Amino acid sequence: MTAAYNIRGSKTALYGLWLPCGLVVLLALALMHLSVGARPVSPQLIIDALTAQDHTSFEQQILLKLRLPRLLAAILCGASLGIAGRLLQSILRNPIAEPHILGLNAGASLALVASTALPASMMMFPASRPLIAAAGSGVLFALVLFLSSAGRSGLTMTKVTFCGIALSALASACVSAILILDQETLEQMRFWLAGDLSGISLSDIQTVLPIVTVAAIATAWITLRLDIMALGDKAATSLGVPVRQTRLIGLIATALFCGASVSLSGPIGFVGLIVGGVAHRMAGGRHMVSVPLAALLGANLMIAADIAARTIAAPQDLATGVLTAFIGAPVFIAVVTRVLR
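Draft legend 1. Here's a closer look at the overall build of the protein chain. If you tally the helices and strands in the protein chain, you get 14 helices and 0 strands. For the protein chain, the succession of helices and strands along the chain, N to C, is α-α-α-α-α-α-α-α-α-α-α-α-α-α. If you line up the protein chain on its principal axes, its C-alpha atoms span 65 × 55 × 35 Å. Sorting the 341 residues of the protein chain into buried and exposed places 49% on the buried side. In the protein chain, the proportion of contacts linking residues at least 24 apart, taken out of those at least 6 apart, comes to 73%. A total accessible area of about 16,300 Å² is found for the protein chain, and carbon and sulfur atoms account for 71% of it. If the 21 positive side-chain charges of the protein chain are averaged to one point and the 13 negative ones to another, these points end up 19 Å apart.

Given below as structure tokens:
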């Protein structure tokens, strides 16, 4: 028994090492992100800009007003989508579950585009953007779950995946119809709809930060329960875990994460799919490690994708969502062929 305990303890310690390793990679990528661009900046100047601001320095103004907000947005959106993907995969017990595939991003996009096109738009209040997007995510995903539960077999992995894809396509068609009919909305939203991190300001990040904080607190509240729920609903209920309440809190947190991310950077897909399963395997199935690790991996992936988007076609910038799609689509196909046999 002592030997088994020691092995289990050593494995737990090994899993915990992934978090500091992820932080080191995050710091390295962040430094690279701030350095690259049309005007390269040295690491020493980056340190000077972050510690002693000089309003007369053009390089510092580029760093503080353009590159730093873009970096913070990449970290915030990547972490949010990584956690959202991990939550969906745990709650639904579906390795294919991901906000972009199951309709949450599409619902958020439709809600924001529709509210922007309204004559008396609520979008004049910046704080309403993440809440509107979160509501759109929640409503469309609730519809996905409702339709997937129909029939004798109830909710299955295949049904929820295909219902999510179908309703995402329907929501995207509605978005396209609105943009065709409203040229002004098209001009406002066309770059945002590609999943773009450019043009984000520190005030935009401050607007979504409370939403992300609430979602993170809700996630931390149910993290330990998710380990028990992995044993099955009956076993979790017998051990005192309120299964329905936990699922509801997890889905609300997921909608808030997706709403915050989509309102800030547009519908960037496949981040949760790529990092969610990887984080769970790296953490040995322990949600106390896999959830924060998914956040770190999502942030790292988003920063790396944004660096690539700014350098591949330089001096032109690609949308960050294009790069994540190039990576995520093959991953999705690989997972589908392995799971849905």
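Draft legend 2. Representation of the packing of helix α5 (residues 104–117) against helix α6 (residues 128–148). It is the contact of α5 with α6, at a shortest axis distance of 7 Å, that shows an interaxial angle of 130 degrees. Relative to α6, the element α5 lies oblique. Relative to α6, α5 is oriented so that their crossing is right-handed. Every residue of α6 that contacts α5 at Leu104, Ala106, Gly107, Ala108, Ala111, Leu112 and Ser115 is listed here: Arg129, Ile132, Ala133, Gly136, Ser137, Leu140 and Phe141. Residue composition of the contact of α5 with α6, grouped by class: 9 nonpolar, 4 polar and 1 charged.

Draft legend 3. Inspection of the pattern of salt bridges at higher detail. Under the defined criterion, the tally for this structure stands at 3 salt bridges. Close ionic contact of arginine 93 with aspartate 233 constitutes a salt bridge, the shortest N to O distance being 2.9 Å. Of this pair, arginine 93 sits in the loop between α4 (58–92) and α5 while aspartate 233 is found in helix α10 (residues 233–238), placing the two residues 140 residues apart along the sequence. For arginine 93, a relative accessible area of 38% corresponds to the partly exposed category. The partner of aspartate 233 in a salt bridge is arginine 247, with the nearest N and O atoms 3.0 Å apart.

Draft legend 4. Here's a closer look at helix α11 (residues 243–265). Counted at 1.5 Å a residue, the expected span for α11 with its 23 residues is 33 Å, and the 33 Å between its end C-alpha atoms agrees. Counting buried residues along α11, 18 of its 23 residues qualify, which places the element largely inside the surrounding structure. Looking one or two places after α11, you find glycine 266, whose phi comes out positive at around 90 degrees.

Draft legend 5. Representation of the state of the cysteines within the structure. Enumeration over the complete set of coordinates arrives at 0 disulfides. No disulfide involves cysteine 163; its sulfur sits 16 Å from that of cysteine 174, the nearest cysteine. With no disulfide of its own, cysteine 258 has cysteine 77 as its nearest cysteine by sulfur position, at a separation of 11 Å.

Draft legend 6. Just the environment of alanine 173, in detail. Relative to the elements of secondary structure, alanine 173 occurs in helix α7 (residues 157–181). In sequence terms alanine 173 and leucine 110 are 63 residues apart; their C-alpha atoms lie 9.3 Å from each other.

Draft legend 7. Geometry of the packing of α4 against helix α13 (residues 287–311). Between α4 and α13, the least distance of the axes is 7 Å, while the angle of their chain directions is 135 degrees. Classified by the interaxial angle, the pair formed by α4 and α13 is oblique. In this structure, α4 crosses over α13, and the sense of that crossing is right-handed. Residue composition of the contact of α4 with α13, by class: 13 nonpolar, 6 polar and 5 charged.

Definitions and cut-offs
Residues numbered from 1 in each chain as written. Predicted model: local features only at pLDDT ≥ 70, side-chain atom pairs only at ≥ 80, totals over all residues. Heavy atoms only, no water. Helix = DSSP H or I, 4+ residues; strand = E, 2+ residues; numbered from the N terminus. Buried < 20%, exposed > 50% of the residue type's maximum accessible area, 1.4 Å probe, protein only. Contact = heavy atoms within 4.5 Å. Areas by Shrake-Rupley, 256 points an atom, 1.4 Å probe, with all protein chains shown as cover. Lys, Arg positive; Asp, Glu negative; His and termini not counted. Charge placed at Lys NZ, Arg CZ, Asp CG, Glu CD. Axes fitted to C-alpha atoms, helices over the stretch in contact; angles between N-to-C directions. Parallel < 35°, antiparallel > 145°, perpendicular 65-115°, else oblique. Left-handed = near helix turned anticlockwise from the far one by under 90°. Nonpolar A, V, L, I, M, F, W, Y, C, P; charged D, E, K, R; others polar. Salt bridge = Lys/Arg side-chain N within 4 Å of Asp/Glu carboxyl O. Expected span 1.5 Å × (residues − 1). Disulfide = S-S within 2.5 Å.

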